[in-house]
Amino acid sequence: MSDHPALDLRDVSKRFGARWALARVSYTLPAGRSLLLTGHNGSGKTTLLRLISTASFPTAGDIVVYGDETRSARDRVRTQVALLSHASFLYDDLTARQNLGMLAELLGLPPATTVPAMLERVGLGGRGDEAVRQFSAGMRKRLAIARLLLKQPKVALLDEPFGELDPAGISQMEGFIRELQAAGTSVVLATHLIEQGLTLTQERLHLNQGRRVDP
């Protein structure tokens, strides 16, 4: 177990123009634990996940991931964190196999063996040579989780991961989350399915209008 917390939020604030999307949010997530992030639409959940992923930076305050501050150690943080969001970050004109192959090469993994196994793992074994633009929303979600699993992050940020999935897909996503946790990954899960989220996490952070409040 690491001597550092998985995540340390220190008075994190984020402003867009005159509006504060987050206001002085502090929270510490111990290593190896998982967090349920709750709140109504517009409460700041997606903004917080983007800040942790280093897609943007706080207006004030600090975010530290396993001892690395997101501003000063952005590259190191990015090797430890993976984000599954509403945007899949997939290349539509490439096949599923090519999308995963590019990432495997960047990670120094052998695409010839890792990519077919990962496609099978997410239920896309027979669709690897199809262009992603032909995929349904659910299939794109499964390919996006394949990218995340391939990266083997220390912190996985999941923004409404059950959206666009049928019951079988939701069950499969739950299995992926438990696999990540079994491997030591801390999962930060933002979902409106609160009861489901509570069964998958040990901690909870509730936001209301950008502020931390009791759920």
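Right, let's walk through the structure included here. Everything numeric here is computed off the predicted structure, so don't read it as measured data.

## A word on the pairing of strand β7 (residues 155-159)
Argument step 1. Burial of β7 is extensive: 5 of the 5 residues sit out of reach of the surface.
Argument step 2. Here β7 shows two buried faces, one formed by V155, L157 and D159 and the other by A156 and L158.
Argument step 3. The pairing of strand β6 (residues 81-84) with β7 spans 4 bridges and is classified as parallel. Each residue of the ladder has a partner; that of V81, found in β7, is V155.
Argument step 4. Handedness of the crossover joining β7 and strand β8 (residues 186-190) through helix α6 (residues 167-182) is recorded here as right-handed.

## Topic: unusual backbone geometry
Glycine aside, negative phi is the norm for most residues, and most peptide bonds take the trans geometry.
Argument step 1. In the Ramachandran plot, Y66 falls in the positive-phi region, its phi being about 45° despite a non-glycine side chain.
Argument step 2. Structurally, Y66 can be placed in the loop between β4 (60-65) and β5 (68-69).
Argument step 3. A positive phi angle, close to 50°, is found at Q152, a residue other than glycine.

## Here's the deal with the packing of helix α3 (residues 96-106) against helix α4 (residues 111-121)
Argument step 1. The contact between α3 and α4 brings their axes to 9 Å, and the two run at 130°. Taken together, the axis directions place α3 and α4 in an arrangement best described as oblique. Crossing angle aside, the handedness with which α3 passes α4 is right-handed. Facing A96, R97, L100, G101, A104 and E105 of α3, the residues of α4 in contact are P111, T114, V115, P116, M118 and L119.
Argument step 2. Classifying every residue of the contact of α3 with α4 by side-chain character gives 8 nonpolar, 2 polar and 2 charged.

Basis of the calculations
- Residues numbered from 1 in each chain as written.
- Predicted model: local features only at pLDDT ≥ 70, side-chain atom pairs only at ≥ 80, totals over all residues.
- Heavy atoms only, no water.
- Buried < 20%, exposed > 50% of the residue type's maximum accessible area, 1.4 Å probe, protein only.
- Helix = DSSP H or I, 4+ residues; strand = E, 2+ residues; numbered from the N terminus.
- Pairing = 2+ DSSP bridges.
- Right-handed = clockwise from strand over helix to strand, strands pointing away.
- Axes fitted to C-alpha atoms, helices over the stretch in contact; angles between N-to-C directions.
- Parallel < 35°, antiparallel > 145°, perpendicular 65-115°, else oblique.
- Left-handed = near helix turned anticlockwise from the far one by under 90°.
- Contact = heavy atoms within 4.5 Å.
- Nonpolar A, V, L, I, M, F, W, Y, C, P; charged D, E, K, R; others polar.

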